[in-house]
Structure formats: structure tokens, C-alpha cells
Amino acid sequence: MKQFTRHTLMLAVISALATTGICAENAPPGYIDFGKFSPPASGGEFVEVHIKSNLISMVARLAEKHEPEVAELLRGLHLVRVNVIGLDDGNRAEMEKRVKKLRSELDAQGWERIVTAQKKDEDVGVYLKTRGEEAVEGVVVTVIQGNHEAVFINIVGNIKPEKIAVIGERFNIEPLKKIGQAVEKK
Amino acid sequence: MPWGRERWGETPSSPDLPWTGIRAREYARPTRTCARLKIGIALVLALLCVALTGCFRVSSDVRVLRDSVMNSAAADWNEKIEIGVGALTLNLARAGLAFVDLDAEARTALQSVRGAEVGVYQLRHRHKPLKHSAMLSAADKAMASRGWDRIVGVMSQRELVAIYVRNDVRSARNVKVCLLALNGREMVVASARSNLEPLMELAFNRPEWHPTGRSGIHF
């Protein structure tokens, strides 16, 4: 009986480890784990948006009739994650360090930095993970806005590059226009 | 039936009486069945009413969300209002509003709702500042164990907002959303079940959706 219990436990542990391995392996190429963020101690702004594929495909179905182009773009998305963290004296250095670390990780993993905008107190970086010329598998946007906030965006999916610019134009979203133009130039 | 083992109401001298008794019991049986059936129907109707009207109480999901936040805050809360309405109540309301001159968009929005619950609570005493991140973590944990994903979380010094959707949501025709909003000393926990199709139709037809009526997003 003891042996049976031991075997069952071992089997459970092995299955759990295997599942974890599979999950880690199954993370789509455009997915980046930003880690966990904590709200600023001073009580500043803290926003988290995490939209998974089931909700995205539902919205895509809803948009199909009126906005077929938007629906097509949405159908290719697997995940949208946005984190906005207000900056204060307690977390500014940590956030800057995190952005720096993330950017070097993206460089090391073969992501392309396609937009770099550094004004006096603003630092924007846009990275793309592409699959040849046919699709964008992931977009990462990092923004440090002086003393105001840090923004982390990760869009994961199978996105046709030409659609990004179309959506940017269609909805007048400047960052998407820039990304679309940058992808088209490549 | 042998002598000396007669039941109540039977006379040993009458040979026909045992048959009369059996017949009487047979007549009596449907009456008992009828009574049971009536009780059963009443119970089913009562349960149906509770399910359809919402019985003006909040569902277990909203209760879990409320309790997780209240327990993690470790503070005393006063219930200001707690109400839930189900499909039957909403249909009655819609039927009543059919005679009222209502804006078409408002009517569409009302028709898309299939159930709604809301609870409003207030902190009872002056309390040291609430730990919003702990409250949000507790709410996330409680809701995740019931199959809910948080899609939006917003925190600031005074406010906390979290929106949850079922992680098995597939159809836009029946989407349930839970909301937690905390503003200073006041907390609102709400949930709504709705058909999103007419609402999206409404949104797409609004001028703000079209490029001419839309302001740009820049950074």
C-alpha cells in the first residue's frame, strides 16, 4: 500500500513537472514575461490589463460585420498585456533598471528594436519579434515617462505586418502607424 | 384476512368489507400522489422564481468577491444595499418599460442585460489606509479558484478597480462580468450577465466609432 502511495505521488510530481515544462515550452514566441509589478508605495497610478485569446476572439467575431480589417487583426492576437506603473522616489530606480534589463534580454533573444525615441524625460522603445517577412509574432513597448510613469506592453499573436499600419491609419493611433511604417520599410 | 386481524373500519361479519377497504385505499392513493405532486410543483416553481428573479440577492460569485476583499481589508463594513435581479424580474421591467417612451439605445442596452447584481458597502469606522494590493491579490485568488480571470486592475491612492470575466467565456451572447470598485471608504461589488452583440452593434453605429468622429492616440 505504501509503495502504491509512493508511486502515485512520484507519478503526480513527474506529471506536474512535465506539465510545467510543456507550459513553458508552449509559451508563444512573442510572449515576454514582465514579472510581477507592485504598485508604488506613494499610492500612485497602477494599471494592469491582461486580455487572453478567448476574449479577443470573441471581440473579433463581434467586429467581423462592421470592421472586418480590425476583426482580422484581432483574430491573429493571442494575448494583450499592459502594465502602467506610477513612478515615485521609491520605485523609479527599480523601474529604470527593469526596463534596461528587459531591453537587453529582448536584444539577446533576437527581437528587433524598431522605434527608439528619447526626448529629455521620455524614453520609448518598441521591439518586434518577426517570423521572416510574413508575420509579427510579438510586440513589446517600453516607455519611461520621466517622473510620471513606466509602461510595459506585450502583444502576442500572429499579426500580418501590413495590417498594423492599416489599423493605425484607420483608428488614428500614432504608435501603430509608426510600427507599421517601420515594418514596411524592412 | 383471518379473524382477529381486521384493520380499523372493517367488520368481520361483512365479507365484502376487505374489498371496500382496498378500494378505499386505492381511491385515497391518487389524492396523496396529487398532494405530493402539488408540493413538488410548488417547490420547483419556488426554485425557478429564486433562479429567475435573482430573488433580489447577490450570487455566490459576487459574495466570494465581496468576502475576499472584506476579509483581506480586516475592517468592518456596513452594507448599504445589496440587490440582485434575474431574467424574470428584468423581463417584467422590460415589459413595464415597453409603455414608456425610452431612448432606443437605452432600450437596446436594457434588452441585452440578462441579470445584474450590485452591493454597496461602506467602511464602518475610521481605519488606517487600506492595502489595495493585498485586497486585489485576495480578490484575484478567490476569483481564480472559481474560474474567473482579471482582465483589468487599476489602483491609486484612493481607488481600486478590478474587472473579472469567466475564463471559459466563448459566446458573446452570454457574458458575465464581475466588478469591484473601491473609492475611499465606499466599495461597490457588481456583476452583470449580458448579450454583448446588441451592445457592440450599438457601439459600431455611434459616430465616435467612425474615423471622422475619432480623436487620435499619440505618444
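Student: Before we move on, can you summarise the overall build of chain A with the specific residues and values?
Tutor: Within chain A one finds six helices and six strands. Across the 186 residues of chain A, 28% fall into the buried class. In chain A, 59% of the contacts between residues at least 6 apart in sequence involve partners at least 24 apart.

Student: Go over the overall build of chain B with me, naming the residues and quoting the values.
Tutor: When helices and strands are counted, chain B shows six helices and six strands. By the burial criterion, 19% of the 219 residues in chain B qualify as buried. In chain B, the share of contacts with a sequence separation of at least 24, taken over all contacts with a separation of at least 6, comes to 64%.

Student: Break down the nonpolar core for me, with residues and values.
Tutor: Grouped burial of nonpolar side chains is what soluble globular proteins tend to show. Ranked by size, the top nonpolar core spans 58 residues in total, and within it Ala150 of chain A together with Leu65, Ala139, Met143 and Leu180 of chain B carry the most contacts. Apart from the residues within four sequence positions on either side, Ala139 of chain B is in contact with Leu65, Ser68, Val69, Ala162 and Leu180 of chain B.

Student: Summarise the pairing of strand β4 (residues 122–131) of chain A; cite the residues concerned and give the values.
Tutor: Residue and element names in this part refer to chain A. Bridge count for strand β3 (residues 112–118) against β4 is six bridges, and the pairing is antiparallel. Bridging from a neighbouring strand, Arg113 pairs with Tyr127 of β4. Once β3 ends, the chain turns through three residues before running back antiparallel as β4. When β4 meets strand β5 (residues 135–145), the two strands line up antiparallel, connected through ten bridges. Looking at the pairing, Leu128 lines up with Val139 of β5.

Student: Tell me about the confidence of the model for chain A, and please be specific about residues and values.
Tutor: The predicted coordinates of low-pLDDT regions are not to be read in fine detail. In the predicted model, chain A carries a mean pLDDT of 80, and 80% of its residues have values of at least 70. In the predicted structure, residues 8–24 of chain A sits below a pLDDT of 50 and forms zero contacts with residues beyond four places in sequence or in another chain.

Student: Tell me about unusual backbone geometry, residues and numbers included.
Tutor: You will see that Ala74 of chain B, though not glycine, has its phi angle at about 50 degrees, which is positive. Its location among the elements puts Ala74 of chain B in the loop between α2 (60–73) and β1 (77–85).

Student: Before we move on, could you go through the environment of Arg61 of chain A and cite the residues and values that matter?
Tutor: Relative to the elements of secondary structure, Arg61 of chain A occurs in helix α2 (residues 53–63). Separated by eleven residues in sequence, Arg61 of chain A and Glu72 of chain A have C-alpha atoms that sit 9.3 Å apart.

The rules behind the values
- Residues numbered from 1 in each chain as written.
- Chains lettered and ligands numbered in written order.
- Predicted model: local features only at pLDDT ≥ 70, side-chain atom pairs only at ≥ 80, totals over all residues.
- Helix = DSSP H or I, 4+ residues; strand = E, 2+ residues; numbered from the N terminus.
- Buried ≥ 20, exposed ≤ 12 C-beta atoms within 10 Å, placed from the backbone.
- Contact = placed C-beta atoms within 7 Å.
- Core = buried A, V, L, I, M, F, W, Y, C linked by C-beta atoms within 7 Å.
- Pairing = 2+ DSSP bridges.
- pLDDT = per-residue confidence, 0-100.

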